[in-house]
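# Geometric and topological summary
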Amino acid sequence: LTSFGPVLVDIMGNEQFMKFYLGSGFLSSIVGIAVPFAHWVVRKQPTILAVPSLGASGAIFALLATWTQVFPHERLMIVFLPFYSVEAQQVFPAIVGFDTLGCLYGFIGNSFLNHGAHL
């Protein structure tokens, strides 16, 4: 949030940024509840439905997605590998792929990552 937020506030303005951020958080909360429930209905496998989901990571992911669309050639450094940087347009598809696989293949119930909320 501190990396992407101020730049997006300058582009969107305070009011639009706040609407976008809170709206993304609300939507990701709903999707974060719906995806594990749908996984349970379709596959008849127990999932963690009672895990609280506030949508904060989904809202941050929406900011990251917006930032990568506005600045696709900016270099991002990975927290765990600070000596290695990649372009934003390469990071975003990798994260989307990871979360899509998490939704489709069911490591939703086996981890505390809310893959559906990120998407």
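For every chain, the first residue of the written sequence is number 1, and numbering continues from 1 along that sequence. Given that this is a predicted model, residues contribute local features only at a pLDDT of at least 70 and side-chain atom pairs are listed and counted only at 80 or more, while totals for whole chains, interfaces and linings are drawn from all residues. By convention in this description, side-chain values take in all heavy atoms of the structure and omit both hydrogens and water.

On to the nonpolar core. Membership of the largest hydrophobic core comes to 15 residues, with the highest contact counts inside it found for F4, L8, W67 and L76. Per the convention used, a helix needs a DSSP run of H or I reaching at least four residues, while a strand needs a run of E reaching at least two, with both numbered from the N terminus. Elements that contribute at least two residues to this core include exactly α2 (14-43), α3 (56-70) and α4 (88-104). Here this core gets six residues from one element, more than from any other, and that element is α3. Any pair of residues with heavy atoms lying within 4.5 Å of one another is described as a contacting pair. Leaving out residues up to four positions away in the same chain, F4 has contacts with L64, W67 and L76. The nonpolar core is taken to be a set of buried Ala, Val, Leu, Ile, Met, Phe, Trp, Tyr and Cys residues, with the residues joined through side-chain atoms within 4.5 Å. Here the term buried applies to any residue with accessible area under 20% of the maximum for its type, exposed to any over 50%, and partly exposed to those in between, with areas from a 1.4 Å probe on protein chains only.

So, on to a nonpolar patch on the surface. A surface patch of nonpolar side chains, about 730 Å² in accessible area, is lined by I78, V79, F80, L81, F83 and Y84. By residue number, the principal contributor to the nonpolar patch is strand β2 (residues 81-87), which donates three residues. The exposure class of F80 is exposed, given its relative accessible area of 75%. Patch criteria: residues need more than 30% relative accessible area and no salt bridge. Like-charged residues are merged within 9 Å; nonpolar side chains of Val, Leu, Ile, Met, Phe, Trp and Tyr are merged within 5 Å. Only the protein chains shown count as covering a residue, and every accessible area follows the Shrake-Rupley method with a 1.4 Å probe. A pairing counts as a salt bridge when a side-chain nitrogen of Lys or Arg comes within 4 Å of a carboxyl oxygen of Asp or Glu.

Moving on, we get to the packing of aromatic side chains. Two rings from Phe, Tyr or Trp (for Trp, the six-membered ring) form a pair when their centres are within 6.5 Å of each other. A pair whose planes differ by under 30 degrees is stacked, one over 60 is edge-to-face, and the rest are tilted. What the rule picks out here adds up to four aromatic pairs. Measuring from ring centre to ring centre gives 4.9 Å for F4 and W67, while their planes differ by 55°; the resulting arrangement is tilted. With F4 in the segment before α1 (5-12) and W67 in helix α3, the pair connects residues that are 63 residues apart, well separated along the chain. Given the relative accessible area of 9%, W67 is considered buried. Consider the rings of F61 and F92, whose centres lie 5.5 Å apart with planes at 25°: the pair is stacked. Linking F61 in helix α3 with F92 in helix α4, this pair joins segments that are 31 residues apart in sequence.

At least two bridges found by DSSP between two strands are what make those strands a pair. Inspection of the sheet shows strand β1 (residues 75-78) paired to β2 by four bridges, in the antiparallel sense. Within β2, the position partnered with I78 by the bridge is L81. Once β1 ends, the chain turns through two residues before running back antiparallel as β2.

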